[in-house]
Amino acid sequence: MNYSLKQLKVFVAIARHGSFSRAGEAIGLTQSAVSHSVKELEAEVGVRLLDRTTREVVLTDAGRRLANRVERLLDELQASLLDARSFGVQRSGTVRVASSQTISAHLMPQCIAAGERQYPEIRIMLRDQAQQQVLHSIRNAEVDFGIVVDPVQAVDLDCEPVLHEPFLLLCRNDHPFAAQPEVHWSALNGCRLVLQDYASGSRPLIDSALRQQGVEAPVVQEIGHPATLFPMVAAGIGISIFPALALPLPEGGQLKVRRLVPEINRALMLVRRKNRSLTPAAEAIWQVVRQQAALLQQQRQQQADY
């Protein structure tokens, strides 16, 4: 059958009000439009639903039976739509976010705290993972969204850059570089390097920067956790290149941070599945992460002293 929701609403309105004109007033249609709608519905179901006289409109037996059922169904449909709208604007529930270790340690705590202040009904669950695992979790809908290091080569994901930060040099305070306000990349030729391994999204960017600057330097240690860089360098095993997000340094150490010139930046990206809507709660936390990343960017620029 080819009937419309509008036709059913018109029919129920007539059944309720017992008049074409009063039904039209109730639903905002002219009397002629109401009459035309009922005729179309009767033609579709193949039975007379109303008996019309000059003074009244009376339901036939078939019309009364249909009106009783359709009225309940329309009420249920209205309730369902209102429930869907309520769910569509509510900001509560659990939001799952994945990010790599440096981001988890130095950006996400502020994001989680800000999210809990702004949306106390939302519970934020963080997954601390290597970058490829973060992308895997996003693709498999294990999390609502993630934060990773650009570039992300993925046509199935929507990516939004939220933070740009420079790579910095880390050395001991008795290293010759410690006495310089900034260090050129070319000065790293032949230096022993301690770098994160390729589970980190930063490592390919550092390798690319070294190639672009014509630097040839042995990587003597590759470590998995960024916090391990600090004791490795403090022990004199080598110097390191790391992102500004990994600051501040441990207190009371023997380490110095120096700018590398020319400045080479990495970008952090918010990532979610393409063509998939976030829940209202997840969308709210997505915006919180954007705000906190922008705030951190401003703070870094104002300090401008590593």
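The notes below deal with the structure included here. This one's a predicted model, so the numbers in the text were calculated from it and none came from an experiment. (Residues numbered from 1 in each chain as written. Predicted model: local features only at pLDDT ≥ 70, side-chain atom pairs only at ≥ 80, totals over all residues. Heavy atoms only, no water.)

**Some points on the overall build of the chain**
And then number 1: Counting its secondary structure elements, the chain contains ten helices and twelve strands.
And then number 2: The C-alpha atoms of the chain give a radius of gyration of 32 Å, which is well past the 19 Å a tight globule of 306 residues would have.
And then number 3: The C-alpha extent of the chain, read off along each of the three principal axes, is 105 × 35 × 25 Å.
And then number 4: Counting the 306 residues in the chain, one finds 42% classified as buried.
And then number 5: Only carbon and sulfur atoms are counted for the fraction: they give 47% of the accessible area of the chain, which is about 16,400 Å².
And then number 6: Within the chain, the 31 negative side-chain charges are centred at a point lying 4 Å from the centre of the 33 positive side-chain charges. (Helix = DSSP H or I, 4+ residues; strand = E, 2+ residues; numbered from the N terminus. Rg over C-alpha atoms; globule rule 2.2 N^0.38 Å. Buried < 20%, exposed > 50% of the residue type's maximum accessible area, 1.4 Å probe, protein only. Areas by Shrake-Rupley, 256 points an atom, 1.4 Å probe, with all protein chains shown as cover. Lys, Arg positive; Asp, Glu negative; His and termini not counted. Charge placed at Lys NZ, Arg CZ, Asp CG, Glu CD.)

**Some details on the environment of Gly-18**
And then number 1: Its location among the elements puts Gly-18 in the loop between α1 (5-17) and α2 (20-27).
And then number 2: The partly exposed category is assigned to Gly-18, whose relative accessible area is 29%.
And then number 3: Residues Gly-18 and Val-58, 40 residues apart in the sequence, show an inter-C-alpha distance of 6.9 Å.

**Points about the environment of Pro-151**
And then number 1: Relative to the helices and strands, Pro-151 resides in the loop between β5 (145-149) and β6 (157-172).
And then number 2: Between the C-alpha atoms of Pro-151 and Gly-201, which are 50 residues apart in sequence, the distance is 8.4 Å.
And then number 3: The residues touching Pro-151, leaving out its near neighbours within four places in the chain, are Gln-131 and Leu-205. (Contact = heavy atoms within 4.5 Å.)

**Overview of the pairing of β5**
And then number 1: β5 sits mainly inside the fold: five of its five residues count as buried.
And then number 2: Looking at chain direction, strand β3 (residues 93-99) and β5 are connected through three bridges and run parallel. From the neighbouring strand, Val-97 faces β5, where its bridge partner is Phe-145.
And then number 3: Inspection of the sheet shows β5 paired to strand β12 (residues 265-273) by four bridges, in the antiparallel sense. (Pairing = 2+ DSSP bridges.)

**What about the packing of aromatic side chains?**
And then number 1: Taken as a whole, this structure holds two aromatic pairs when the rule is applied.
And then number 2: Ring centres of Phe-145 and Trp-286 lie 5.3 Å apart, and the angle between their planes is 70 degrees; this geometry places the pair in the edge-to-face category. Here Phe-145 is found in strand β5, whereas its partner Trp-286 is found in helix α10 (residues 280-303), with 141 residues between them in sequence.
And then number 3: For Phe-145, a relative accessible area of 0% corresponds to the buried category.
And then number 4: Exposure remark for Trp-286: the relative accessible area of 4% places this residue in the buried category.
And then number 5: Relative to Phe-242, the ring of Phe-230 has its centre 6.1 Å away and its plane inclined at 90 degrees; by these criteria the two rings are edge-to-face. On the criterion of sequence distance, the pair formed by Phe-230 in helix α9 (residues 229-234) and Phe-242 in strand β10 (residues 240-243) is long-range, its members being twelve residues apart.
And then number 6: A cation over an aromatic ring shows up here: Arg-272 above the ring of Trp-286, its NZ or CZ 4.6 Å from the ring centre. (Phe/Tyr/Trp six-rings, centres within 6.5 Å; stacked < 30°, edge-to-face > 60°. Lys NZ or Arg CZ within 6 Å of the ring centre and 35° of its normal.)

**Here we look at the side chain of Ser-240**
And then number 1: Structurally, Ser-240 can be placed in strand β10.
And then number 2: Here the side chain of Ser-240 touches Val-194 through a polar contact of 2.7 Å, landing on its backbone oxygen.
And then number 3: Discounting chain neighbours no more than four positions away, the residues touching Ser-240 are Leu-168, Leu-169, Leu-170, Val-194, Leu-195, Leu-229 and Val-233. (Polar contact = N/O pair within 3.5 Å; in protein donor to acceptor, adjacent residues only side chain to side chain.)

**Things to note about unusual backbone geometry**
And then number 1: Residue Pro-248 is bonded to the preceding Leu-247 through a cis peptide linkage, with omega at 10 degrees.
And then number 2: Among the secondary structure elements, Pro-248 is positioned in the loop between β10 and β11 (255-261).
And then number 3: Phi is positive for Asn-275, close to 60 degrees, though the residue is something other than glycine.
And then number 4: Topologically, Asn-275 is positioned in the loop between β12 and α10.
And then number 5: You can call Asn-275 exposed: its relative accessible area is 67%.

**Let's talk about the pairing of strand β9 (residues 219-223)**
For a regular strand, the rule is simple: side chains alternate between the two faces of the sheet.
And then number 1: Summarising the sheet, strand β8 (residues 193-196) and β9 pair through four bridges and their orientation is parallel. When the sheet's bridge partners are listed, Val-194 is paired in β9 with Gln-221.
And then number 2: In terms of handedness, the path from β8 via helix α8 (residues 202-212) over to β9 forms a crossover that is right-handed. (Right-handed = clockwise from strand over helix to strand, strands pointing away.)

**Focus: a nonpolar patch on the surface**
And then number 1: On the surface, a nonpolar cluster with roughly 250 Å² of combined accessible area is contributed by Leu-5, Leu-77 and Leu-81.
And then number 2: Position of Leu-77 among the secondary structure elements: in helix α4 (residues 61-89). (Patch = residues over 30% accessible without salt bridge, like charges linked within 9 Å, V, L, I, M, F, W, Y side chains within 5 Å. Salt bridge = Lys/Arg side-chain N within 4 Å of Asp/Glu carboxyl O.)

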